[in-house]
Structures are given as C-alpha cells and as structure tokens.
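Residues per chain are reported as follows:
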Amino acid sequence: MEGAHDIPREDILLEASGIDKIFPGVHALKRVNFTLRRGEVHSLMGENGAGKSTLVKCLTGVYGIDGGIIKYLGREIRPESPQHAISIGISSVYQEVNLCPNLSVAENIFAGRQPMRGPFVDWRSLEERAGKVLERFDISIDVRRSLDSYSIAIQQMIAIARALDISARVLILDEPTSSLDKLEVEKLFRIVRSLRDDGMGIIFITHFLDQVYEISDRITVLRNGELVGSYRTEDLPKIDLVTKMVGKDFDELSSVSRVRAGEARDVIISLEEVSAYQSVENVSLEMRRGEVLGFAGLLGSGRTETANLMFGIEHNSSGAIKLRGTAVKLSSPKDAIRNRIAFCPEDRKRDGVIGELSVRENIVLALQARLGIFKYRTLRQQNELADRYIKLLGIATPDAEKKLGDLSGGNQQKVILARWLATEPEVMLLDEPTRGIDVGAKAEIMKLTLDLCREGMAIAFISSELDEIVRISNRVIVMRDRTKIGEMEEDGLDQESILRAIAGGVAV
Amino acid sequence: MSGLARRMTSSKLFSSLLALFVILLFNVFLNPGFLSITIVNGHLFGQLIDILNRSVPVMILAIGMTLVIATGGTDLSCGALLALAGAVSISLIRGSSTILNADTAMPFPAVIVITLAVTGLCGLWNGFLVAKLGIQPIVATLIFMTAGRGMAQLITGARNLTTNYAPYSVIGQGWLLLLPVPIFIAAGVFLIVWYFARRTAFGLFVEAVGVNPSAARYSGINSGLVIMIVYTVSGLCAGVSGLIYASGIMCADANNAGLNYELDAILATVLGGTSMTGGRFYLGGSVIGALIIMALTKSIYAFDVAPESALVVKAFVVVIVVLIQSPFFKARLASSRVRRGPGEIKNSGAGEAS
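About the cut-offs
Residues numbered from 1 in each chain as written. Chains lettered and ligands numbered in written order. Predicted model: local features only at pLDDT ≥ 70, side-chain atom pairs only at ≥ 80, totals over all residues. Heavy atoms only, no water. Helix = DSSP H or I, 4+ residues; strand = E, 2+ residues; numbered from the N terminus. Buried < 20%, exposed > 50% of the residue type's maximum accessible area, 1.4 Å probe, protein only. Contact = heavy atoms within 4.5 Å. Areas by Shrake-Rupley, 256 points an atom, 1.4 Å probe, with all protein chains shown as cover. Pairing = 2+ DSSP bridges. Axes fitted to C-alpha atoms, helices over the stretch in contact; angles between N-to-C directions. Salt bridge = Lys/Arg side-chain N within 4 Å of Asp/Glu carboxyl O. Polar contact = N/O pair within 3.5 Å; in protein donor to acceptor, adjacent residues only side chain to side chain. Nonpolar A, V, L, I, M, F, W, Y, C, P; charged D, E, K, R; others polar. Domains from an automatic or database assignment. Core = buried A, V, L, I, M, F, W, Y, C linked by side-chain atoms within 4.5 Å.

**Topic: the overall build of chain B**
- Helix and strand content of chain B: 17 helices and six strands.
- The proportion of buried residues among the 354 residues of chain B is 49%.
- Within chain B, counting contacts between residues at least 6 apart in sequence, those at least 24 apart form 76% of the total.
- Accessible surface, chain B: about 15,900 Å² in total, of which carbon and sulfur atoms supply 70%.

Put into structure tokens, the structure is as follows:
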C-alpha cells in the first residue's frame, strides 16, 4: 500500500482526502482518500455498495460532500454539478448511456456546445467535427442519424466520445464495458491508453477483473464505504484483490461447481425446430428437471431470443414448443408464468426493476399477476413473502418497504430472482444474471442457481462469461448467427472447446 | 410519537392537506362568517358545504384522472365527455319532444345506464388508442376533447337542451341527510375506485405499468388491459360528473359544460401528490386537490378580486403549492430535518402529543 505523500506533487491531478458522505441512515463514505495521477489508469474496485459510485458522484458534483477536501491540480474545488465538474476538467461516462436517443449522433456529441454561425447552429461544421471525433474510435457511422438507430455498444462509444471532446484532464469511466463485446472493448482500451499517454488521468470502474489487470496502472479498493488501500497493479495479484474487496479469504467462485445430475431427468420444456421471424432459426433443445442448461454464444447469437420464445415474448413462426410433451402456445409472459416458467431478463434495469416500487411490491408482482387482480394478497401475506425471500436470498435492505431503485445492482438482481421464486416455477430462464454485479454477489447468484437446480428446477443459464457457464452447466448449447450450432455434455466441458465451437462453428 | 409525527409530515397527503388548511385559514381571517354552518329546512348551509358541493364535478374527474396519470398517461377528453354525458342524458329524457316538459321519454335508470355506457365506451376507445395502437395519451385523448363536444352539439342540435324532469334534478340539486346529494355521489365514486385500486391488485399493477411498462409486462401483467381499464374508468367518472353538472343547471350546454375541467382535474391530481410521470398515485390526495382548487376559486371571488385577474391569483397560489411539493423543496426540508437532529424531532413530537 502506498500513500499520497510519496508521489511528486506536480504529478497529482486529483486528490480527495477524508471524503465523508452521509445519506439518511447510511454512512456511504467514511474519510476516503483517493489520489489520481497524471497519465495513469486507476481502477476503483469494490463490491456493490462499497462506495465506488458514490465516490465518483462526489468527485463529479452529483452529490455534495459532507466532509473532506477535493483538490484538482493542487487547488481545492467544490464541484456543484456534473456541468461544473466538466468545466473544471472532470468528465464522466456512466454505466447507463445518458444521451438523448432521439437526437442525432452529432447533436449528442455536441449538445450544449454546438458550433454556431451567428445565432444559428453551424450544422455542417457540427457534423464534420462529430465525424472526426468518431474517427478516433474507428467508428464510421452516419452522424446525422438518430442515436437510437445504433447498438448500445456504439452508443456507449458515442457517450465516451462526447466526454472526450470536452477537453478534460480527468475522465471517469463507470462500467463502460458492460455492454461491449471483446473487439469493442479492445478498441476502447486502445483509446484509453492513448489518452493516458497524452497525460490524462482515467478512473476506471468495472466488475471484469481481467479488464482491470489489462488496463490499469493502479488499483484502489473500497469496502463498505471505507478505503482498503491503493496498490500498484503489479503488486496486487488477482486473488489478493478479490480478498480485499470481499474482506475475507475468497475462494467462493472457485467452490461453485455443477450439481451432478441424477439418472432420471425428465424433460420439462422442449423446442423442436423452432424458428421465429428475424429472430432464431431452427433451434431444438430440451430442458430437464434438475439440470442447468448453459447458453454460450456471442451477443446477438440468438441466446436471448431463444429465452424470449420460451417466455412468450417472441412467437415462433414454425416448429413447436412442448411442455412435458404437449405442444403449447405461449402468447404472452402471462401464459408462460401460468405454465410455471420464469425469466430474469438480460436488461435488468429496463425489463426487471420497477425502481419506484418497494422491494415487497417488486417481489409479489409476478405472483400477483399470475393470481389476477382479485386474488389480492393481504399486506401481511405480502410482508411474509417478502421477508422470507429477503432472508433466503440475503437481500441487503433495511426493510421490505425500501424502494428497489435504491438498492445496489446485486441486490436488485436478487429481488428479481425472488419475484420469480415466489411464483414457484419449474423452469427458470436466467439471462445474464450476473451482469453488472460484483464478484461476491455473482458467486451467491450462482450458488443459488445450483440450489434451485438441486431442488429439481430446470434452469437455463445464459451468460457471456464462459467461466461461469463451464462451472455450473450440465449441458451447454452453443449458438451462433441465430441458430444452435452445437451441444456439449458436462464431461469434457471446457472454455476452449466452447470457444472453438463459437469461433469455428464446429459442432462438438 | 416522534415516529408518527415524522410519518405524518413525510406523507404525501400532508403537504396538500396543509395547503388546503392554509387557504381555509386565510378565508377565516378575512371572512368571519366563513366557518358558520346553519341548518335551514333540514339542510346544512355554509361556505364549507358549498365548497365541498361545488368541487364535486372536478373531484370525480380527478379520481379517474389519477389512475390515468399513474399509468403515465393523461386524459384530456374528460371535460368534453362531461358535456357529452349531459347532452346524452337530457336528450334521452326529452326523447322526440320539442317542448319543455316534466316527464321522461325513457325509464330513468336506463337513461343513466346509457349515458354512462356512452362515456365509458369513449374512455375505452381512448384506452384502445393508447394501449393497442401506441398513440401518445395526449394526442389520443385530444380526439375526444374536440370530438366529444362536437358529438354533444350534434345530439343537442347545437341548442342548450333543458328539462324539467324532477328526478333528474335530484342528482345535482337534491339533499340527503342534511347534505347535498353530489357529495354522497362523490364519496361513493371515491370508495368504489379506492376499493378497486387498493383492495385488489389493480393499484399495484397500475403503479407497476406507470413506473416501468416493460418490466411490468415481463412480470406477467397485461399492461394493455390495465391501460384500457383506467381510461374506461376515467370515461365513467366523466359520465357521473356530467350527470351531476347537467342536473345542477337542468340543461345540457355542449359548449361550456365542464370547459377546461380536464385541466383542473390534472391540477387536482398533481396537487394531491401524484406525479405526472406515472407510478405512485394518491386518490385521497386528488380529492383534497379538487377541494384546494374550489376553495381557492371561492376565496378569490370572496375578496372581490376582479374576474379578469382571478386566474392570475389562482396561478400564483398553484405555483406556490407545486413548488412546495417539488423534489427540490422536499430535499431541502429533509436535509434541514437531518441537520436539526433526532433529538429535536422528538421534542416536537412530544409537543404535539401533549
């Protein structure tokens, strides 16, 4: 561990010392110190709720601080708003793309500081400059089209481009890679490195450990709002980092391994040569009781679409979906729920979390939807249900009446899981259940998955993290280009062969 | 006790109740007779009763509007549907008769059922446009906001249709147990809607759809159905309100009945604490909101404010109330409470208890 004192002063870009932040009932940051130097990529690590985002929001003026000093280039600053922070020289890009989807790409990049010609916006120069900015990212797109006509990955790049164009000294990237594929991440890292070489200080927050080690020069670890320490990346082996993050010897993820499936495993749901318009082609699969079926494949390979078909969100144009051998028509999620199918969607924020409602209401929602309007559970029944799952899943919330939007990502995911468990499903479709949550919660979610599997549930586990799939799946379906290209049994299951299948399309 | 005090002040209803209280207090100071209530011929008379009675049409609209706004929508058509209800009911009572008479051409219950069916169907149509065709609520309900009055004019032949049918007058002018009948109707509508919303899962579904329609759908809620129901309820509320309004003047005025009431209903809902972005809704708050609007209107006239500047005064008060409810002021209030520390809150709580 090293302190700020052994760094030459002129190298320090941003220095926060003794930062305190108190929310009603929560001491979110306790005298945290953080130092960012010129020309470094500095990863901020910690579990959900450790205070990473809070620290960043204090640095960028989203929150005011309740104690401590922030210095920028040696001068004390008090950013009052993100705009103010930007004008000082601290730009940030958050996990969620905070742009206007209905404006053009160029407008998004320059919103608020458009080049003017007299009283009018100079559109030509605006578009030219936007094109130039994006060239740096190797993105050649029509900057006049609206933002929402591009993928989330491109939108994320545009958000970063916007932050970069404001000539900032400090760039904060909060989970910038969670929606990017490997190539895009590489592209992003190239840009980050070149910015670093230009002398910019970059604060990087991610839950991908590999990326931390790939890009960062230093790592600062927070836990429960307190500083654990700052380290040079080469001095901190991965296992030590994880240990410091969770605060105990950590071998949880490595202890997660698949449940040996018994002999007699009856098929609950099966797809037979199912195709859907502009979605998937000719997918056949079987999901069995007490078995985890892994779905591997790149983004857009048809994994989510297959799950959507089994949950009545998309509809098949040919082929058959069979439940215990009988063909069914799942025309809406409601139908699927009635047939004891549950689905944790990939985009938790958009399709799962109802942020303004309480944890209790979020948990009872699907059960209540299945029961219908008139079989309303009494408040007491709801509280019992909520309390049971809060305890069972270890959801960290002061009480069941807390707004779900106020919980951390991992706890939100657990609440969504609780929502589905309350419906007592037989088939559980988990689409990227561990995305955007920290290592500790990841292990918990995976263990929970295995518990459910042991109880006889049929589970589909869709994940971009092959490591996770290999650990817990009994069988793995490999998808590419909207169709199933292979299926592997648990014996001899390893990341290599899955990768080979994805890359080469060789059925194994 | 401090817990109760804090719960009370942080309650959504508290700020709207406070606003109502302040306006009433203001009236008491400037008009000593304001609180007096007398019994004449077994009827209660007084300013307070009058405010209660006259706020009923907007109040009922606001109850329907609250559910619509909770889903993230708006119903601009309810004022026009109110006028339509008057036109339908009185034209049914008059039948083909061209002269004013005291009889009805159709059994009275049928008149009411058909009237409500018409406005309910109009509401259902609004809901269909919003839920199934994906039209933005303001645009979808704008259709009936203009067409509703047009239909009313077609029905009345562009005249102010009047009637002398006595049972009809009971709805808007009758008395029951010391109080005007409209107050009972409003209470009934409130109780039915409240029961439907809060003693069944419907309210939960409405709020879920209003906060995050996509997540609601993934949870198995039929959002389309929920949306169609709330617009239908709003249409029905407009029907009830229209019957009360037309019965109050025994006349169907297609042009002026309920003019701009939809805006008052939206205002009442917002004053009551329901956010225009959808989600949490407060039916009781909307009722108080309607009372605030009427109390305000009454006091403005009572102080001899010139009619042309009355709207300015109203706007001014509304701005203040809305500001008090804004997240900015709420945050300020909360932080000042934290700064004062729990000790003092306890004291103030004890003070209230003593």
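**Side note on the side chain of S89(B)**
- One can find S89(B) in helix α5 (residues 78–94).
- Apart from the residues lying within four places of it in its own chain, the contact partners of S89(B) are V111(B), T115(B), Y168(B) and L243(B).

**What about the sheet that holds strand β6 (residues 90–93) of chain A?**
Residue and element names in this part refer to chain A.
- Read from one edge of the open sheet, six strands run β6-β9-β10-β3-β11-β12, paired in mixed fashion. Looking at which strands have only one partner, the edges of the open sheet turn out to be β6 and β12 (226–232). Across this sheet, the average inter-strand angle for adjacent strands is 20 degrees, counted without regard to direction.
- Bridging between strand β3 (residues 40–45) and strand β10 (residues 201–205) involves four bridges; their strand directions are parallel. Looking at the pairing, E40 lines up with G201 of β10.
- Across the sheet, helix α1 (residues 52–59) lies against β3, β6, β9 (170–174), β10 and β11 (218–223), angled at about 130 degrees from β3, the strand it touches most.

**As for the interface of chain B and chain A**
- Contacts between chain B and chain A engage 21 residues on the former and 30 residues on the latter.
- When the shortest N-O distance is used, the salt bridge between E361(A) and R280(B) registers 2.5 Å.
- Applying the counting rule to chain B against chain A returns seven residue pairs in polar contact (both at pLDDT 80 or more).
- Residue contributions to the side of chain B that touches chain A peak at six residues, all from helix α10 (residues 202–211) of chain B.
- In terms of residue class, the side of chain B that touches chain A is built from eleven nonpolar, five polar and five charged.

**What to know about the pairing of β12(A)**
Residue and element names in this part refer to chain A.
- Relative to β12, β11 runs antiparallel, the two being bridged by six bridges. Bridge assignment links V221 to a residue of β12, and that residue is G229.
- Taking the residues that link successive antiparallel strands as the turn, the β11-β12 hairpin has two residues, and the phi of N224 there is positive, at about 50 degrees.

**Observations regarding the domain arrangement of chain A**
Residues and elements named next belong to chain A.
- Partitioning chain A into structural domains gives domain 1 (4–248), domain 2 (266–340 + 427–508) and domain 3 (356–424).
- Relative placement of domain 1 and domain 2: their C-alpha centres are 35 Å apart.
- If you look at the interface, domain 1 gives eleven residues, while domain 2 gives ten residues.
- Applying the counting criterion to the domain 1 and domain 2 interface returns zero salt bridges.
- Counting every contact that joins domain 1 to domain 2 gives zero residue pairs in polar contact (both at pLDDT 80 or more).
- With three residues, helix α8 (residues 238–246) is the largest single contributor of residues to the side of domain 1 that touches domain 2.

**With respect to the environment of P213(B)**
Residue and element names in this part refer to chain B.
- Note that P213 resides in helix α11 (residues 213–218).
- For P213, a relative accessible area of 46% puts it in the partly exposed group.
- Between the C-alpha atoms of P213 and S223, which are ten residues apart in sequence, the distance is 6.9 Å.
- Setting aside chain neighbours within four positions, we find P213 in contact with A208 and S223.

**Considerations on the environment of G61(A)**
- Looking at the element boundaries, G61(A) is found in the loop between α1 and β4 (67–72).
- The residues contacting G61(A), other than those within four sequence positions of it, are P79(A), E80(A), S81(A) and P82(A).

**Observations regarding the nonpolar core**
- In this structure, M287(A), M428(A), L429(A), I498(A) and Y168(B) are the most contacted members of the largest nonpolar core, which totals 178 residues.
- Residues contacting L429(A), with those up to four places away along its chain left out, are M287(A), A307(A), M310(A), F311(A), I341(A), A342(A), F343(A), C344(A) and A460(A).
- Core analysis: the next-biggest nonpolar cluster, separate from the first, contains 39 residues, I160(A), L180(A), I191(A) and M200(A) among them.

**With respect to α10(B)**
- Summarising burial for α10(B): nine of the ten residues are buried, a large majority.
- Within the span of α10(B), buried status applies to F202(B), G203(B), L204(B), F205(B), V206(B), E207(B), A208(B), V209(B) and G210(B).
- Where α10(B) is buried, its residues touch α13 (359–371) of chain A together with α4 (56–70), α9 (181–198), α11 and α12 (223–249) of chain B.

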